[in-house]
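A closer look at the structure
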Amino acid sequence: MPHMFSDVRAFRRDPLQFLLERGNAAPLGLEPLHLGPSPVLLVNDPDLIRPILKAPETEVGKGRLIKKLTPVLGESSLMLHGEEHKRRRSVLQKHMAKGAVEKYLPQMCAEIRAVGARIARLGSFDPHRFTATLALRTICIAVFGAQVISSGDEEALVQAVGTIEDDLADEMFRVLPIGPLAWYRRNKNRVCAKLAMSTVVQRLRASAGSTSALRDLEALGLSDRDLHDEILTLLLAGHHTTGSTAAWLLYHMAAEPALMDEVADEAAECLGDNGELRVEAVRRADVSATLVKEVCRLYPSAWWFSREVMAPVSFGGRDLKVGTSLLICPWQLQRDPRHWEQPDRFLMTRRYTTDAYVPFGAGPRACAGMGVAMLELQLLALEMAAAYGFTGVSPNPAPWPKASVTLVPPPMNIAIELRQARRRNSALFEAGVELPYVPPVGVVPADALQ
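Residues numbered from 1 in each chain as written. Predicted model: local features only at pLDDT ≥ 70, side-chain atom pairs only at ≥ 80, totals over all residues. Heavy atoms only, no water.

1. What to know about the overall build of the protein chain
- Broken down by element type, the protein chain carries 19 helices and twelve strands.
- For the protein chain, the C-alpha radius of gyration of 23 Å lies close to 22 Å, the compact-globule estimate for 450 residues.
- Along the first, second and third principal axes, the C-alpha set of the protein chain runs to 75 × 50 × 50 Å.
- Burial status across the protein chain gives 51% buried among its 450 residues.
- A fraction of 76% describes how many contacts in the protein chain between residues 6 or more apart in sequence connect residues 24 or more apart.
- Here the protein chain has roughly 20700 Å² of accessible surface; of this, 56% comes from carbon and sulfur atoms. (Helix = DSSP H or I, 4+ residues; strand = E, 2+ residues; numbered from the N terminus. Rg over C-alpha atoms; globule rule 2.2 N^0.38 Å. Buried < 20%, exposed > 50% of the residue type's maximum accessible area, 1.4 Å probe, protein only. Contact = heavy atoms within 4.5 Å. Areas by Shrake-Rupley, 256 points an atom, 1.4 Å probe, with all protein chains shown as cover.)

In C-alpha cells form, the structure reads like this:
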C-alpha cells in the first residue's frame, strides 16, 4: 500500500526516468504520484491537456509549484493571472512572435556566424558552453534591439543562472526542508546571483531601443520593480531554455552527418544575392524546421509544468479537490509509445499534429517566446550546416539529460571543420589519396612545443 511519500526516493534519484516509466505504464488519464502530503496527479492523457490549460483561472491556476520561483523572478507575468497577466503578455507576444522577429534575421544570423567562427578555431567544442550566450544575445536582439548587451554582461548572467539553477530545480519538488548549512549556502548563492542579474538588467534598460518591448512595458505604467522582474524573466526564460535545446540540436546534427548535409543544401537554396538567408525562403525550409521540431520533441526545454485546482472541478472522470497539483510532463508525453512510433529514436519522418506534442505548452499561457525560439533554432541549423561539418558523436544511445530547470546536456565533444575542407577531404579519401594530418586553425602542433 503506497503512502504519501512512497514515490519521493525514486523521483529524486532520476525524475526523468521516474515520470517516463510511471506515465507510460499507467492507463491514460490522471496518475497519482505520492510526493508528499498534497495530492499530485500526472496528466498522461493528451486529450485532457487543453481542457486543463484552457480552464478558467478561478478553477485551475498556476499553483504553488511555480510560485517557488518567486524569490528569483519576482511578480513577473510568469506568476501573474487575470487582466494584468493579459496586459503584459500582449506586449511580449507583439515582440516575440515569429513574424515580428523575422526583421532581425540578418542580425541573428550574424551572431550565429560569429559563434561558429569561434568554435571552428578550437577544432572541437562542447555545444552547451556556447549556446547559452548565443541564445541570450538573440533574445536581446529580438526583444530589446541590437547591440544592447555586452559580452561581459552575457557571461555574468549565464554564470549567475548556473550558480542557482540546480537549487531552484531541487526546491520545486522538495518535501522536507534542507538543513541550516545547506540553506545558508543556497541563500548566499542566490543573493550573489540576484545582484549580478540585477546589474545586467539595469544596464540593459539604459541601452534598450526606443521600439523595444521595454518601452512598451513602460507604457503600461509598470513600476521599476515590475519592469525589473519582467526583464529578468525574459532574459532567464529566453536564453536558458533555448540555449539547452540548441545544444541538443547541434548534437543531433553531429550524430546525423547526412542530415547535416541535407540542411546545408537547404541553406544554399535559402541564400539571396547578398549571401544572407532570405526570410521567405526560411519560411519554406522544411528540413531545418522538422529538425527543430524533432529536437523539441525529444528534449522539451520546459520538460514539465503544473497547474493547481483552485475550485472543485472534474477531469478524466475524477472529481478533484482544491489544492491538487496537475503535473504535465512534455518529456513523458512526447516519449510515450502510445502516441509515437519508436519514441526514443530521432526520426525526421514524424508529424507533430497530435496533442501529445506540447514542447511550449498550450492554451492561453503557452510560451510567448515560442516564435523567436523556433526561428533561432532553425537559423542555427541552417547557418552552421552551411559553413561546417560535425563529427565525433554517436546517436546510439543518445546522452541522458540532466533534469534541472531545463534538460541540460552532459559534456560533449563535437569535432568541427569547414564544410569546403570536409567535402574536399572526403573526395580525396574516396579516391584513395592518403591525407596528412593538419591541425585545426588555432591549434598548436605538439612538435612545435618541443
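2. Remarks on unusual backbone geometry
- Unlike most non-glycine residues, Gln342 shows phi in positive territory, near 45 degrees.
- Structurally, Gln342 can be placed in the loop between helix H17 (330-333) and helix H18 (370-387).

3. So, the sheet that holds strand E8 (residues 325-328)
- One open sheet accounts for five strands, arranged E1-E2-E8-E5-E3; its pairing is mixed. Unpaired on one side and paired on the other, strand E1 (30-33) and strand E3 (60-61) mark the two borders of the sheet.
- Strand direction decides the pairing type here: E1 and strand E2 (residues 40-43), joined by four bridges, are antiparallel. Of the residues in E2, the one forming a bridge with Glu31 is Leu42. (Pairing = 2+ DSSP bridges.)

4. Section: the side chain of Asp45
- When you line up the elements, Asp45 lands in the loop between E2 and helix H3 (46-53).
- Buried within the structure, Asp45 lacks any salt-bridge partner; Arg338 is the closest side chain of opposite charge, at an N-O distance of 8.6 Å. (Lys, Arg positive; Asp, Glu negative; His and termini not counted. Salt bridge = Lys/Arg side-chain N within 4 Å of Asp/Glu carboxyl O.)

5. Looking at the confidence of the model for the protein chain
- Predicted confidence across the protein chain gives a mean pLDDT of 86, with 92% of residues reaching 70 or more.
- Ranking the elements of the protein chain by mean pLDDT puts helix H19 (residues 419-430) last, at 53, and H17 first, at 98.
- Note that pLDDT drops below 50 for residues 424-429; the model gives that stretch four contacts with residues more than four away or on any other chain.
- When the criterion is pLDDT under 50, residues 433-450 qualifies, and its contacts beyond four places in sequence or with other chains add up to twelve contacts. (pLDDT = per-residue confidence, 0-100.)

6. Regarding the packing of aromatic side chains
- Throughout the structure, instances matching the rule amount to ten aromatic pairs.
- Look at Trp303 and Trp304: their rings are 6.5 Å apart centre to centre, the planes differ by 75 degrees, and that puts the pair in the edge-to-face class.
- Both rings, one in Trp340 and one in Tyr357, keep their centres 6.2 Å apart while their planes meet at 65 degrees; by these two values the pair is edge-to-face. Taken together, the residues span a long stretch of sequence, with Trp340 in the loop between H17 and H18 and Tyr357 in the loop between H17 and H18 at a distance of 17 residues. Summarising the burial analysis for this pair, Trp340 and Tyr357 share the class buried.
- Counting every residue linked through ring pairs, the aromatic cluster contains Phe125, Phe130 and Phe390.
- Cation over ring: Arg297 sits above Trp340, and NZ or CZ is 5.3 Å from the ring centre. (Phe/Tyr/Trp six-rings, centres within 6.5 Å; stacked < 30°, edge-to-face > 60°. Lys NZ or Arg CZ within 6 Å of the ring centre and 35° of its normal.)

7. Examining the nonpolar core
- Core analysis: the biggest nonpolar cluster contains 114 residues, and Phe144, Leu235, Leu249, Met253 and Phe390 have the highest contact counts within it.
- Ignoring anything within four residues of it in the chain, the contact list for Met253 reads Met260, Leu291, Ala381, Met384, Ala385 and Phe390.
- Counting residues in each nonpolar core, the second largest holds 19 residues, with Leu41, Ile49, Phe305 and Val313 among its members. (Core = buried A, V, L, I, M, F, W, Y, C linked by side-chain atoms within 4.5 Å.)

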